[in-house]
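Residue-level structure breakdown
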Amino acid sequence: MENRIISPSLLAADFTNLQSEIEMLNKSDADWLHLDIMDGVFVPNITFGMPVIKQMRKHSDKIFDVHLMIVNPDRFVEDFAKAGADILVVHYEACTHLHRTIQLIKQHGMKAGVSLNPHTPVSVLSEVLADLDVVLIMSVNPGFGGQKFIENTYSKIKELAELKKVKGSNAIIEIDGGVNTEILPKLEKAGAQAFVAGSFVFNSSNPIETITDLKNC
Ligand code: DX5
Ligand code: ZN
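An account of the accompanying structure is given in this report. This is a predicted model, so every value here is computed, not measured.

Cut-off values and rules
Residues numbered from 1 in each chain as written. Chains lettered and ligands numbered in written order. Predicted model: local features only at pLDDT ≥ 70, side-chain atom pairs only at ≥ 80, totals over all residues. Heavy atoms only, no water. Donors = N, O, S within 2.8 Å, 3.2 Å for Na, K, Ca; no water. Tetrahedral: all angles 85-135°; square planar, octahedral: opposite > 155°, others 65-115°. Helix = DSSP H or I, 4+ residues; strand = E, 2+ residues; numbered from the N terminus. Buried < 20%, exposed > 50% of the residue type's maximum accessible area, 1.4 Å probe, protein only. Near = heavy atom within 4 Å. Polar contact = N/O pair within 3.5 Å; in protein donor to acceptor, adjacent residues only side chain to side chain. Areas by Shrake-Rupley, 256 points an atom, 1.4 Å probe, with all protein chains shown as cover. 1 Å grid on protein atoms, 1.4 Å probe; cavity = no way out; pocket = protein on both sides within 12 Å on 5 of 7 lines; lining within 4 Å. Sits in = over half its atoms within 2 Å of the grid points. Nonpolar A, V, L, I, M, F, W, Y, C, P; charged D, E, K, R; others polar. Phe/Tyr/Trp six-rings, centres within 6.5 Å; stacked < 30°, edge-to-face > 60°. Lys NZ or Arg CZ within 6 Å of the ring centre and 35° of its normal.

Protein coordination at the zinc ion (ligand 2): the donors are His-34 (NE2), Asp-36 (OD), His-67 (ND1) and Asp-176 (OD), at 2.1 to 2.3 Å from the metal. Seen from the zinc ion (ligand 2), its 6 donor atoms lie at angles of 71 to 169°, and the figure they make is octahedral. Along the chain, the residues that donate to the zinc ion (ligand 2) are spaced as H-x1-D-x30-H-x108-D. Placement of the pair is Asp-36 in strand E2 (residues 32-38) and Asp-176 in strand E7 (residues 172-176), with a sequence separation of 140 residues. Asp-176 matches Asp-36 in its accessibility class, with the two residues each being buried.

Here's what the structure looks like:
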């Protein structure tokens, strides 16, 4: 589909060859680069932070779709803006004052996104939906790549698409976890527009071709 957004997740990339992985993605049909930031507190895993994003920024003009799996993200909003994030996604479950966090992200010139864990209903976003640029629905429990897609995601997407209409929201519905060419068309049919794929891309023998497949399936 013409305006389908593909956001490969670098979590499954070769971290010792990040520059060449990014150069590969630059040549691909990827629209965004999905960067997974984990703090070992919100999720049981640790990845990388601002200094790495800053270095990556030098090698790509693609949109950096930064997924924060960290507690109290307000502390670092400015730092992620300076590092080069274009879209900053925080977790609903990690923000006590979500409205304030969303405004803070926008004040720093970034697009604002909120992510929902699999157990969190979409209705919790009803009062902020009109302010959001992206809603990232987790289709696995955050923390690791390569997990099995949770089927309940389809009904969450449909519900969110309805809620968007009611609230006059233009937020892009993005799906993260277990996405492949078999699942993607069904997610899109349910109402999703952007798709993260980690292991499906990087564990394939030809990631560039795989990204094209995701774009056109
Ligand atoms: C998981 C991350 C995902 C992860 C997806 O916590 O948020 O972005 O990289 O990986 P796959 O596509 O392998 O499920
Ligand atoms: Zn992610």
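This is not the end of the story, as more comes after the structure.
Once that is clear, we can look at unusual backbone geometry. With a phi angle near 45°, Asn-72 is a residue other than glycine that sits in the positive phi range. Tracing the backbone through its elements, the reader meets Asn-72 in the loop between strand E3 (63-69) and helix H3 (77-83). Classification of Asn-72 by relative accessible area gives partly exposed; the value is 45%.

Glancing now at the site of ligand 1. Taken together, 20 residues are adjacent to ligand 1, and Ser-9, Gly-143, Asp-176, Gly-198 and Ser-199 come closest. The separation between an oxygen atom of ligand 1 and a polar side-chain atom of Asp-36 is 2.9 Å. A distance of 2.8 Å separates an oxygen atom of ligand 1 from a polar atom in the backbone of Gly-146. In isolation ligand 1 offers 380 Å² of accessible surface; the protein chains occlude 99% of this area. The cavity where ligand 1 resides is the largest pocket. Secondary structure elements with two or more residues in the shell around ligand 1: E2, E3 and strand E8 (194-197). In terms of residues, the shell around ligand 1 owes the most to one element, E2, which gives 3 residues. Grouping the amino acids of the shell around ligand 1 by side-chain chemistry returns 8 nonpolar, 10 polar and 2 charged.

Here the focus is the packing of aromatic side chains. Summed over all chains, the structure comprises 2 aromatic pairs. Ring plane angle 85° and centroid distance 5.7 Å describe the contact between Phe-15 and Phe-48, whose orientation is recorded as edge-to-face. Here the residue Phe-15 occupies a position in the loop between strand E1 (5-8) and helix H1 (18-27), and Phe-48 occupies one in the loop between E2 and helix H2 (50-57), the gap between them amounting to 33 residues. When the ring centre of Phe-64 is taken as origin, the NZ or CZ atom of Arg-57, which lies over that ring, is 3.7 Å away.

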